Amino acid sequence: MASTMIPYTVNIKLAARTLTGTVNLQNKTAVDWGWQGLIAQGCHSSILIIDPNTAQTIQVLERHKANVVKVKWSRENYHHSLSSPYSLRLASADAAGKIIVWDVVSGNAHCEIQEHTKPIQDMDWLWAQDASRDLLLAVHPPNYIVLWNGDTGTKLWKKSYAENILSFSFDPFEPSNLALLTSEGIVFITDFSHSKPPGSGGKKVYIASPHSSPAHSKPAAAQPTGAKKALNKVKVLITNEKPTAEAVTLNDCLQLSYLPSKRNHMLLLYPREILILDLELSQTVGVVAIERSGVPFIQVIPCAQRDALYCLHENGCITLRVCRSTTPSPNETGKTGLVPSQLSFSLGLGHSMTDPEQNVQELVYDLRSQCDGIRVTKTVRPYRVVICPVNENSAALVVSDGRVMLWELKAHPSKSSSNLSSGLPPLYSPVNFCGTPLRQNQKCIPDLSLNTMIGHSLISGVDSPRPQADQQEVHLKFLLTGLLSGLPLPPFSLRMCPPLTTKNINHYQPLLAVGTSNGSVLVYNLTSGLLHKELSVHSCEVRGIEWVSLTSFLSFATSVPNNLGLVRNELQHVDLRTGRCFAFRGERGNDEPAIEMIKVSHLKQYLVVVFRDKPLELWDVRTGTLLREMAKNFPTVTALEWSPSHNLKSLKKKQIAAREAMARQTTLADAEQSSVESSVISMLQDAESKSEMSQGISAREHFVFTDTDGQVYHITVEGNTVKDGARIPPDGSMGSIACIAWKGDTLVLGDVDGNLNFWDLKARLSRGVPTHRGWVKKIRFAPGKGNQKLLVMYTDGAEVWDTKEVQMVSSIRVGRNVNYRILDIDWCTSDKVVLASDDGCVRVLEMAMKSASYRMDEQDLTDPVWCPYLLLPRAALTLKAFLLLQPWSDTFTMDITHIDYIEKDEIKGLIQEQLNSLSNDIKSVLQDPNLNLLQRCLLVSRLFGDESDLQFWTVAAHYIQSFSQSSKPSGSAPEGQTAAEGPQRTPGSHLDICHDTLCESSFFQRFQLERVRLQEVKRSSYEHTKKCADQLLLLGQTDRAVQLLLETSADNSSYYCDSLKACLVTTITSSGPSQSTIKLVATNMIANGKLAEGVQLLCLIDKAADACRYLQTYGEWNRAAWLAKVRLNPAEGSDVLKRWAEHLCSPQVNLKSKAILVLLSLGCFQKVGEMLHSMRYFDRAALFLEACLKYGVMETNDDVNKLIGAAFVDYAKLLRSIGLKQGAVLWASRAGERGKELLDELSQTESMGPEPSPSEEEEDRPLVNIE
């Protein structure tokens, strides 16, 4: 019976895995949080993949030989389909210059790249992904940037620069802009492209350290203090000349990043301040300074959804700073009595007018929230923080001791009084949820993302300063929601719990005990890889652990020896179930020689304690009594092992016989004397079992040991009798014996010279094998009946031997195939070993000892992880379609088995697991009948971390609603809302400025006016003044421009020119002759290469549309779009932007996704639908057309109906190909004539039985054949 079960029970399924510990200093910058929702973190030469929602490590990637210095997830800003599926792709770079691109789910390296052997300074994937999403830019020290194809590993180009490059940042608004932070300053590259290296050496800009730049002279009376002083200092910061030696004491700029929340802004981070630069002026427009007593910065992450900064400080505290809105608060409006539009100019940026000092206007970032710091010590310090790029409301902090702290930002409605005391203007929650105003009693998730927690920054003149009726005042708090902790610093000692047997299979847990240098014992459950218990057992380093049952162990530790060489020995017995811990040797242990080893017998009855210079002790484990302390003349033990043979079986037979005899007697007695109470009998039986325990059937067990001469002794223990057995003389070929292992009929000895001696006890043969590996530190047999594999540990590695064949199976050696030293070894199952190494990791490996990553989908995780990227490509798309549209019933279901979905049960099960792992909040919102189509599309793209979907639906939702409201009479409202309930076109619902030229013109214009206003306050040189005047002329602010032009001093070479220009601007009238003259001059200027000047003149005479056309002709497309937004009426502007969209679609530019967004902002919905369909984005096209029809923003004519039919049929085919037949039927039935044919096919397959697999389909070949 037992023998038939063995194959199932001997090996419990354990995944190979790595338990990691402290992080190396070189790993400091190696952490990244991807759009896919996972965190990658470098730990020595491995990479951990962490799921932040459940705080679990779900994959460890091992292939690098050197420390990992950078990791970067690929971007998800492309349309996902079967041919470009959702996949987890990660690039990692190490200190030896190797870059590996991983397929994270399978744990395989996709490609490897090597250029030089120095550590990679920085790398990132290109974000403009229409051309190719495989391109990776890397900085190879000291001064090369190289563009790689991350899919094939080929080098596209390489370019060197004059200075050493420290890091770089891509402009999130313009793919051709790149800024390099070098050892001397910044290099701006404006002609970056994937097809060829940048032509020029870029524009060099030097940074004078903010502390050394001269403060502006001010009258001594008003000497500003603290932070304000810092503001004055940074007035001159960026220069084109190399600063003098004393000015650059040290370029201590820690970081440079473009701001993703507004175009042409950049931040520079210094230990004590963050500078916000406006790149059009190369001038500081904002400073976040730390007071003298404050904690310096390490890192800052700018947000995209709101103009906010996450800052990490040296004490591990994360702070969130949000840019203050420029609308004055309502009480200030009352005070000054001006209308809001003038107010923004008189008040500057919303500071109160009472304090003249405060009139220094600039961008103010208010501290809105901060989390607790950590205790910083020599070994514990914060390294890096990363934030979730999808929602921007959670942060993960990596600490040097291997901890990862997961913080979430929560918004709480606050009483209005609380903020007044802090003196900050209040923050309000937004009106919208997922892009559309909430209906009455609709469920929502206020903490979904940063832009659902706080409204966008208000801008004076467009936004009303008073909050709308349904806006709540909120304050933000950080909440610690997860913590991953690693192993402490090595050394470690390991011991796996007793192996799985047929008897303990029902309650077996594969527990590994890890003894640490600080005296605690960590017990890990190897099925999940999670810490089961951490027990503080000893006061000094744990030297060894022996299990005495599945739930208890003995561990020993020895203190540092005193001058006599004596130590304090601690031998503790620990019960895992209760955590009870007691000193096993009682009062013994002070001032005696150190314990060398402890060995527990096979039946867990006896314990031998071996000391350095003292005879061994023999204990009874069950009663905790000392059986024998050996005599003084007892030989010194060098190695010892218990024999697996014992007489338990024969004893049990005897015992059973005795029991049966007793039973026979009692049955006789029963017949005669039934009056004996049953309770008495049970008492007797209890007493009997107790007495058995106390005598213990003590089985006889044996152990062997060797002395310093190599003689082998054999000793028998039975109860409390100890007998000396045979002695075997030393083998001449062996040196001093270091360790012994015994299993079945095989005994193996290892010596200090690297010889192994295999004894076959049955055949009485011995065989010596020299390994030439030096001292044999440990040898251990594998568990499992008849399994004769042996694990051997040396100072420089380990080997697995097969003792039957006497040959080596596998080997691992420092410097050859691994770069870590092995500290301890054990078997964890019959075919897996566990190694502790000096890089602070504990690795569970296959017997071959190849450090391998594991397949993520085969793992047994404790908590289910929401990550659609783990599914097969086809299943991920099914899951998405399932969440987006469930037309087959009135109510939404979260159970995929409720629908007609043809797929293998295994895949169905995986999809259902994903659905189950969604939080209850999200499930309830998805099942809420009030959630409209636009909100659903946005929410699902957020859940999937699909950057391209998210951007498309954000802009689409905004403009579909905005056009539907402007086209309707006020009575009707979309989608079954009553007129009163339908959202009013409030000024509060414009797109945020991070969408740049996609925003409404009125809002964009005000933003630019404020920006110029700020530049004007900040200007500090003639150059700046000139740029400001130019901007003001383009914006039509002629009076201000004239004032600036007249400021030019008489000794300036442009004095005459500027004066004439001022006269011209003031005297321009719209009379015919002067207009035509100016127009002629302007066109001549443009023809002779003075484009900017010509455009200015055209704007002066209100010919901005012509100016835009010239700009476009000369390739200044962005400038033209900007000008159209700030100067043209909707019809003219729309023409300019449509031309831009056509240009973006052209094959040489190939930015169709950007073109679609531009067309959305113009309301060209039919064109958008056609483009989406022609690009084969069938799901997006169908859902978009559906939304347009629902909101009534698309006129119905033949062309449109044709488009709708085609799009719906193609979407139906797509749904059929991924197995969602009900969905396919629904969309085909709505496609009119075009869908009839497909409907017939679908009904035929229904009658025929299961439908053909996608590969048999004839029409959609390119879409489906990827399966």
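In this numbering scheme, every chain counts its residues from 1 along its sequence in written order. Residue-level local features of this predicted model are given only where pLDDT is at least 70; pairs of side-chain atoms are given and counted only at 80 or more, and the full residue set underlies all totals for whole chains, interfaces and linings. Hydrogens and waters are ignored; side-chain quantities use all the structure's heavy atoms.

Undergrad: When you look at unusual backbone geometry in this model, what are you seeing that I'm missing?
TA: Cis rather than trans, the peptide bond between Pro 141 and Pro 142 has omega equal to -5 degrees. Tracing the chain through its elements places Pro 142 in the loop between strand S11 (135-140) and strand S12 (144-149). Cis rather than trans, the peptide bond between Pro 490 and Pro 491 has omega equal to 5 degrees. Here a helix means four or more residues in a row that DSSP labels H or I, a strand means two or more in a row labelled E, and each is numbered from the N terminus. If you trace the backbone, Pro 491 turns up in the loop between strand S33 (473-484) and strand S34 (493-496). With a phi angle near 55 degrees, Glu 392 is a residue other than glycine that sits in the positive phi range. Tracing the backbone shows Glu 392 in the loop between strand S27 (382-387) and strand S28 (394-399). Despite not being glycine, Val 806 has its phi angle at roughly 50 degrees, a positive value. Assignment of secondary structure puts Val 806 in the loop between strand S56 (797-802) and strand S57 (807-813).

Undergrad: How should the pairing of strand S13 (residues 155-160) be read in this particular structure?
TA: Looking along a regular strand, one sees the side chains alternate between the two faces of the sheet. Of the strand pairs in this sheet, S12 and S13 are connected by five bridges, and their pairing is antiparallel. When the sheet's bridge partners are listed, Leu 147 is paired in S13 with Trp 157. Once S12 ends, the chain turns through five residues before running back antiparallel as S13, passing Gly 153 with a positive phi of about 80 degrees. Two strands are counted as paired when DSSP detects at least two bridges linking them.

Undergrad: Where do I start with the pairing of strand S36 (residues 520-525) in this structure?
TA: By the criterion of burial, S36 is predominantly enclosed, with six of the six residues buried. Accessibility here uses a 1.4 Å probe with only protein chains present; expressed as a share of the type maximum, an area under 20% marks a residue as buried, one over 50% as exposed, and anything in between as partly exposed. Neither face of S36 is exposed, since Ser 520, Leu 522 and Tyr 524 on one face and Val 521, Val 523 and Asn 525 on the opposite face are all buried. As paired elements, strand S35 (residues 511-515) and S36 share five bridges and run antiparallel to each other. Within S36, the position partnered with Leu 512 by the bridge is Tyr 524. What sits between S35 and S36 in their antiparallel hairpin is a turn of four residues, with Gly 519 showing a positive phi close to 95 degrees. Of the pairings in the sheet, the one linking S36 to strand S37 (residues 530-536) comprises six bridges and is antiparallel in character. Note that in S37 the partner of Asn 525 across the bridge is Leu 530. Hairpin connection from S36 to S37: four residues lie between these consecutive antiparallel strands, with Gly 529 at a positive phi of about 80 degrees.

Undergrad: Could you clarify how one ought to interpret the nonpolar core in this entry?
TA: Soluble globular proteins: nonpolar side chains tend toward being buried together. As used here, the term nonpolar core means buried Ala, Val, Leu, Ile, Met, Phe, Trp, Tyr and Cys residues forming a set that is joined through side-chain atoms within 4.5 Å. Ile 49, Leu 90, Leu 883, Leu 926, Ile 960, Leu 1123 and Phe 1184 are the most contacted members of the largest nonpolar core, which has 177 residues in total. With ten residues, helix H26 (residues 1198-1217) is the largest single contributor of residues to this core. Discounting chain neighbours no more than four positions away, the residues touching Ile 960 are Leu 934, Phe 1165, Phe 1184, Ala 1187, Cys 1188, Tyr 1191 and Val 1193. Leu 320, Val 385, Leu 397 and Leu 409 belong to the second largest nonpolar core, which has 28 residues in total. Note on contacts: a residue pair is in contact if any heavy atoms of the two residues lie within 4.5 Å.

Undergrad: Teacher, can you tell me more about the sheet that holds strand S9 (residues 108-114) here?
TA: Backbone hydrogen bonds hold the strands of a sheet together, and the pairing may be parallel or antiparallel. The sheet built from four strands is open, its strands ordered S6-S7-S8-S9 with antiparallel pairing. With one partner strand each, in any of the chains shown, strand S6 (68-73) and S9 form the two edges of the open sheet. Along the sheet, successive strands turn relative to each other by an average axial angle of 20 degrees, direction set aside. Strand direction decides the pairing type here: strand S7 (residues 89-94) and strand S8 (residues 98-103), joined by five bridges, are antiparallel. The angle between two axes is taken between their N-to-C directions and runs from 0 to 180 degrees, where each axis is a line fitted to C-alpha atoms and a helix contributes only its stretch in contact.

Undergrad: Honestly, the sheet that holds strand S29 (residues 404-413) in this entry has me stumped. Any pointers?
TA: Read from one edge of the open sheet, five strands run S27-S28-S29-S33-S30, paired in antiparallel fashion. Edge positions in the sheet fall to S27 and strand S30 (427-428), since each has one partner strand and no second. One ladder, built from five bridges, connects S28 with S29; its direction is antiparallel. Across the sheet, the residue bridging to Leu 397 is Met 405, located in S29.

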